[in-house]
Amino acid sequence: MRVGIAGGGIGGLALAHGLRRQGFETVVFERDARPRDTAGYRLHLTPASLGALRGLLPPGLAAAIEGTAAAPGTFRQIAVLDHRGRTRIRLPIPGADNLLIGRRPLRELLARGLGDVVRWGTRVTAVREHPGGVTVHTGDGPATELDVLVGADGIRSVVTQHLTGRPAARPAGVAAIAGTVQLCDRPVAAPADLRRGLGLAIGPRGTGMFLAAHHPRTGDLPDGVIRERPYLVWSVAAPLDRFSADVTGMRPELLLAEALALTARWSPGYRDLLAASDPGSVAAFPFVFPGALGPWRSDRITLIGDAVHPMPPTAGAGASTALVDAGHLSADLAEASVPVALARFQNRMLAYAPAAVDEARPALDWQRRLANPLLRVLAVEVAFPLVAAVTAPWSRQYPDGSRGV
């Protein structure tokens, strides 16, 4: 059986490994010219997604990925700060088995061992399903005949549009501008709480800032894999009407100016971080919710990852859920006939994906509520410090002497 995967992102490449290990002839169509041509920063992989990876990949490759990740001790808490730079409350992150890894080195590692399975620089432009299989058309070259097609081509998925008649994603009404600051190049005055986890700063008029310090391990890496240096990643998120113009396609220097304008009344420390950013790292991305997360009818085509359940990054679950998809789909195709396997996978995925999307909603809901000046003052100046004080006797003390509620 010949299985095609439209999209060579994290989920698509992991699925390709799993299908090859099951003995399927596999081809991946990926529009990027090479693995490192990808946007994005650090990824958070959950224990469930790591279990899926171990089942999909050759053992040596799975071990290389885990050995490339940052130490787990840097992901123990979320610190909520105000726009003046004061920490108002620290919230523990449950579970110690999460893995933090840069998107680029992860994608490069996942591309290892796939050889000519991946057709880099090839974009799927049209799909036609027929009783004997699926015909895939690309921008250049002849059509490809397949027995099964998996849409893993992201929020602008051609496969999703064909299969459901709807776009994969719909706007969430919020956008973010993000960038990185190299921590080895200059002294950076970052909040001390970033040594132990994430930072979320709440500012006026519905603007928020996410902060995280990424310290990848410095041991041996496979040849050719990007060796990341420590960096701080930031993103400034706000409702669409807070931006002066559509940030999609805006040049990096204009995006940085936009982020500085959104934080004009914030502490100089935040603005110094933005100003220290690597210019080439600054990018914008809209927050989206699923546009087609529901049952579809097909005996030959299915969807995984952002092609079916795109979600805002506020829960950090996008890549993890795509890997869980890949693990289930690979197993289902190995155990049953194609129509039965695809129906089984669809039912299974629709049972857990909506809950993963819902995990991203509360942060956006609170961001919307805290755009009200009175509610923001009550939460940031009164409620958060009060909760922190009341729970102080039961707070957790870390080995370095710091405390988290």
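All values derive from a computational prediction rather than experimental measurement.

(A) Expanded view of the overall build of the protein chain. Check the secondary structure of the protein chain and you find 11 helices and 19 strands. Relative to the 2.2 N^0.38 estimate, which gives 22 Å for 405 residues, the radius of gyration of the protein chain is 22 Å and therefore close to what a compact globule would have. Along the first, second and third principal axes, the C-alpha atoms of the protein chain reach 65 × 45 × 40 Å. For the protein chain, buried positions account for 51% of its 405 residues. In the protein chain, the proportion of contacts linking residues at least 24 apart, taken out of those at least 6 apart, comes to 74%. Carbon and sulfur atoms form 55% of the exposed surface of the protein chain, whose accessible area is close to 17,900 Å². Computed over 44 positive and 35 negative side-chain charges, the separation of the two mean positions in the protein chain equals 6 Å.

(B) The arrangement of helix α7 (residues 268–275) in detail. Burial in α7 covers these residues: Tyr270, Leu273 and Leu274. With its buried residues spanning 100 degrees around the axis, α7 presents them on a single face. Every exposed residue of α7 that faces more than 90 degrees away from the buried side is listed here: Pro268, Asp272 and Ala275. Each element contacted by the buried residues of α7 is listed here: β4 (77–82), β12 (169–182), β13 (197–202), β14 (208–214), β15 (231–239) and α6 (252–262).

What counts, and at which threshold
Residues numbered from 1 in each chain as written. Predicted model: local features only at pLDDT ≥ 70, side-chain atom pairs only at ≥ 80, totals over all residues. Heavy atoms only, no water. Helix = DSSP H or I, 4+ residues; strand = E, 2+ residues; numbered from the N terminus. Rg over C-alpha atoms; globule rule 2.2 N^0.38 Å. Buried < 20%, exposed > 50% of the residue type's maximum accessible area, 1.4 Å probe, protein only. Contact = heavy atoms within 4.5 Å. Areas by Shrake-Rupley, 256 points an atom, 1.4 Å probe, with all protein chains shown as cover. Lys, Arg positive; Asp, Glu negative; His and termini not counted. Charge placed at Lys NZ, Arg CZ, Asp CG, Glu CD. Arc of directions from axis to C-beta.

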